[in-house]
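Read off the chains here:
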Number of protein chains: 4
Amino acid sequence: MTDKELFKLALKAKDKAYAPFSKFAVGAALLSEDGEVFLGVNVENSSYGATICAERSAFVQAVSKGVRAFSKIAVATSQGEAWPCGICRQFMKEFCDDSFEIISGSDEEHLVTHTLLELLPLGFKLDDECNQIKGKV
Amino acid sequence: MTDKELFKLALKAKDKAYAPFSKFAVGAALLSEDGEVFLGVNVENSSYGATICAERSAFVQAVSKGVRAFSKIAVATSQGEAWPCGICRQFMKEFCDDSFEIISGSDEEHLVTHTLLELLPLGFKLDDECNQIKGKV
Amino acid sequence: MTDKELFKLALKAKDKAYAPFSKFAVGAALLSEDGEVFLGVNVENSSYGATICAERSAFVQAVSKGVRAFSKIAVATSQGEAWPCGICRQFMKEFCDDSFEIISGSDEEHLVTHTLLELLPLGFKLDDECNQIKGKV
Amino acid sequence: MTDKELFKLALKAKDKAYAPFSKFAVGAALLSEDGEVFLGVNVENSSYGATICAERSAFVQAVSKGVRAFSKIAVATSQGEAWPCGICRQFMKEFCDDSFEIISGSDEEHLVTHTLLELLPLGFKLDDECNQIKGKV
């Protein structure tokens, strides 16, 4: 699947965003290594701290279906190009390699791609087994 | 769909939980008013604060598909009966009425049901339009 | 310290809230068992999910100073009486007994008190030692 | 205040961490532009998603006291050098410039410094007034 196709899916997903407080609608389309696409939107909450972004909505949907290996994600917003917040970058770090690609843009003709390593250098990750830090870059 | 059927779906979903840190696996099965079921699992993160519970994984999946009206949710864990954490109760409050039902139990033969009002009395909710508090119980 | 005195401290603290997005300012005054008061405000974030409420701001401040035993908290908002969100109730559950008191009101002459048990029945809590569920009510 | 002095304060603060689940204790020492120091520790929760890291504990304490301008933060952990998680980087982005400094190290003799821009390139931030995205790098 091309970046453009994936972005168009994110753009369409965005219309289902629940963003009554910020009015900032976001859609995300996550591509697994097996070629499956998971769509997510931002879901806000009256207690802002409970808000879940579009990227994480897509990830938990995939994980809930047993999918844990991903190749890229496209993010589309009601206000053009925007890059994942720190929480979502942290979430990606748990499942994705440094080369995982994040795609955004003002529209489908102007897409930009960054790797997870570019957006979250020196990312924090615990080792599953013993809760010790691994992987200092 | 009966409570028992919904709980069995939650029990099965649980096997996909990503819980390397707590080893506490949780599955949730959320029933929409239209009769559709959304399955979620807990997805932990090295930065514990980024963890998303099974209940919220199910909710964001539904919302991402345009579904916002729900009737009940079943929660199954690797350690028997447990009730949603405060974050998830807060998340439910955004979309569900006081009569929304939460089902848990040690196994499918011993289910208990509580309403959202019972688990989150005097819940906090902002009005969408003007961000003013509404709905003091 | 009386409830009224504690509430007045929360009311004053509220003026320092960082709430540019919701415009909903909240102050909290937390009383430890030793009689020390910790003041907190809500701190919002552009990524709404990173927002921390006034109650939790007060708690982490206390814990950072080695204080973990509390008797009551007062909550004052720019829009009158309001009760802690589910996230904050969950946070309290970690450190407080069922009898922990939460105080709010439209003004200092009209205060209402609820216990944590009243606001978070059947609260979720892991056992520190073995991560097993304890304390079903 | 030197980086070394600030780090030593973080190291000492760490002993008050509430980390019964991960056993990963973290202390943070945040220096305001006015030269005031705020100490924070990580505060974990049975519902992992409610956990607040040491860095954010320090920030909300400062904001609760009306302080919103910062120059640097030191982070010390029970397992040596570690860099803030994505959530904390996002939190810093709200109040700090790109040149804000983050200091960590295995011990006080081996400190490393990175700027916020280095750790959170293309960070996400809403404009306070109109909730529109600003500041694409």
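In case you missed it, the structure is sitting above this.
Below, the structure is looked at part by part.

### Comments concerning the interface of chain A and chain B
At the junction of the two partners, chain A supplies 37 residues and chain B supplies 37 residues. Roughly 3,200 Å² is buried in total at the junction of chain A and chain B, and carbon and sulfur atoms are behind 58% of that figure. Per-residue buried area on chain A facing chain B is highest for Tyr18(A), Ser46(A) and Ser64(A); these three make up 18% of the total on that side. At the boundary of chain A and chain B, one finds zero salt bridges. Elements with a contribution of two residues or more to the side of chain A that touches chain B: β2 (37-41), α2 (54-64) and α3 (86-95) of chain A. Sort the elements by how many residues they give to the side of chain A that touches chain B and α2(A) lands first, with six residues. For the side of chain A that touches chain B, the class distribution of residues is 17 nonpolar, ten polar and ten charged.

### A few points about the sheet that holds strand β2 (residues 37-41) of chain B
All names here are of chain B. Ordered by their spatial adjacency, five strands build an open sheet running β2-β1-β3-β4-β5, and the pairing between neighbours is mixed. Edge positions in the open sheet fall to β2 and β5 (111-115), since each of these has one partner strand only. Direction aside, neighbouring strands of the sheet carry axes that sit 20° apart on average. For strand β1 (residues 26-32) and β2, the ladder comprises five bridges, and the chain directions are antiparallel. The residue of β2 that forms the bridge with glycine 27 is valine 41. Against the sheet, helix α2 (residues 54-64) contacts β1, β2 and β3 (70-77), and its axis sits at roughly 140° relative to β2.

### Considering the relation of the copies chain B and chain C
Screw-axis analysis of chain B against chain C gives a translation of 0.0 Å along the axis, an RMSD of 0.0 Å, and a rotation angle of 180°. In short, the pair behaves as if placed about a two-fold rotation axis. Interface residue correspondence from chain B to chain C reaches 100%, placing this contact among same-surface, isologous pairings.

### Points about the interface of chain B and chain C
Across the contact, 25 residues belong to chain B and 25 residues belong to chain C. A buried area of about 2,100 Å², summed over both sides, lies between chain B and chain C, and 62% of it is on carbon and sulfur atoms. In this structure, the connection of chain B to chain C is made through zero salt bridges. Inspection of the chain B/chain C interface yields six residue pairs in polar contact (both at pLDDT 80 or more). Looking at the side of chain B that touches chain C, the elements that each hand over two or more residues are α3 (86-95) and α4 (116-119) of chain B. The biggest single contributor to the side of chain B that touches chain C is α3(B), with four residues.

### Some thoughts on the sheet that holds strand β2 (residues 37-41) of chain C
All names here are of chain C. Taken in spatial order, the five strands line up as β2-β1-β3-β4-β5 in an open sheet, and their pairing is mixed. In the strand order of this sheet, the two ends are held by β2 and β5 (111-115), each with one partner. This sheet shows a mean twist of 20° between the axes of neighbouring strands, independent of strand direction. Pairing of strand β1 (residues 26-32) with strand β3 (residues 70-77), which is carried by seven bridges, proceeds in the antiparallel orientation. In the sheet register, valine 26 faces β3, and the bridge partner there is threonine 77.

### Some words on the relation of the copies chain A and chain B
After a rotation of 180° and a shift along the axis of 0.0 Å, chain A superposes on chain B with an RMSD of 0.0 Å. Most of the interface of chain A is mirrored in chain B, where 100% of its interface residues are also at the interface.

### Observations regarding α3(A)
The buried count for α3(A) comes to ten of ten residues, which makes it a mostly enclosed element. Among the residues of α3(A), those classed as buried are Gly86(A), Ile87(A), Cys88(A), Arg89(A), Gln90(A), Phe91(A), Met92(A), Lys93(A), Glu94(A) and Phe95(A).

### Here's the deal with the packing of aromatic side chains
As enumerated under the stated definition, the model contains 36 aromatic pairs over all chains in all. Judged by centre distance (6.4 Å) and plane angle (85°), the ring pair of Phe70(C) and Phe95(C) falls under edge-to-face. One end of the pair, Phe70(C), is in strand β3; the other, Phe95(C), is in helix α3 (residues 86-95), and 25 residues separate them in sequence. Taken individually, Phe70(C) and Phe95(C) each receive the classification buried, so the pair is uniform in this respect. Taken together, the aromatic side chains of Tyr18(A), Phe59(B), Phe70(B), Phe91(B), Phe95(B) and Phe100(B) make up a single cluster linked through ring pairs.

### Focus: the pairing of strand β4 (residues 101-105) of chain D
Residues and elements named next belong to chain D. Burial within β4 is extensive, with four of its five residues counted as buried. Across three bridges, strand β3 (residues 70-77) lies against β4 in parallel orientation. The residue of β4 that forms the bridge with lysine 72 is glutamate 101. Considered for its hand, the β-α-β crossover made up of β3, helix α3 (residues 86-95) and β4 is right-handed. Pairing of β4 with strand β5 (residues 111-115) involves five bridges; the strand directions are antiparallel.

Conventions used here
- Position numbers for residues start from 1 in each chain and track the written sequence from start to end.
- Here chains are named by letter from A upward and ligands by number from 1 upward, in the order in which they appear as written.
- For this predicted model, a pLDDT threshold of at least 70 governs which residues receive local features, and a threshold of 80 or more governs which side-chain atom pairs are given and counted, while totals over whole chains, interfaces and linings are taken from all residues.
- Note that the side-chain values use all heavy atoms of the structure and ignore hydrogens as well as water.
- Contacts: residue pairs with any heavy atoms within 4.5 Å of one another.
- Accessible-area loss on putting two parts together, using a 1.4 Å probe and summing over both, is the definition of buried area adopted here.
- We count a salt bridge whenever a side-chain nitrogen from Lys or Arg sits within 4 Å of a carboxyl oxygen from Asp or Glu.
- Only DSSP runs of H or I covering at least 4 residues are called helices, and only runs of E covering at least 2 are called strands; the numbering of each starts at the N terminus.
- Only Asp, Glu, Lys and Arg are considered charged in this grouping, and only Ala, Val, Leu, Ile, Met, Phe, Trp, Tyr, Cys and Pro are considered nonpolar; every other residue, Gly among them, is considered polar.
- Between any two strands, at least two bridges found by DSSP are needed for them to pair.
- Interaxial angles span 0 to 180 degrees and are taken between N-to-C directions of axes, which are lines fitted to C-alpha atoms, for helices over the stretch in contact.
- Here the copies were fitted onto each other by least squares, based on C-alpha atoms from residues at pLDDT of at least 70 in both.
- In the analysis that follows, any N or O atom pair within 3.5 Å is treated as a polar contact, provided that within protein one partner can donate a hydrogen and the other can accept it, and provided that, for residues neighboring in sequence, both atoms belong to side chains.
- Throughout this description, buried means an accessible area under 20% of the type-specific maximum (1.4 Å probe, protein chains only), exposed means over 50%, and partly exposed covers the range between.
- For Phe, Tyr and Trp, rings pair up if their centres lie within 6.5 Å, where Trp contributes its six-membered ring, and each pair is then called stacked (planes under 30 degrees apart), edge-to-face (over 60) or tilted (otherwise).
- If the strands point away from the viewer and the path from the first strand over the helix to the second runs clockwise, then the crossover is right-handed.

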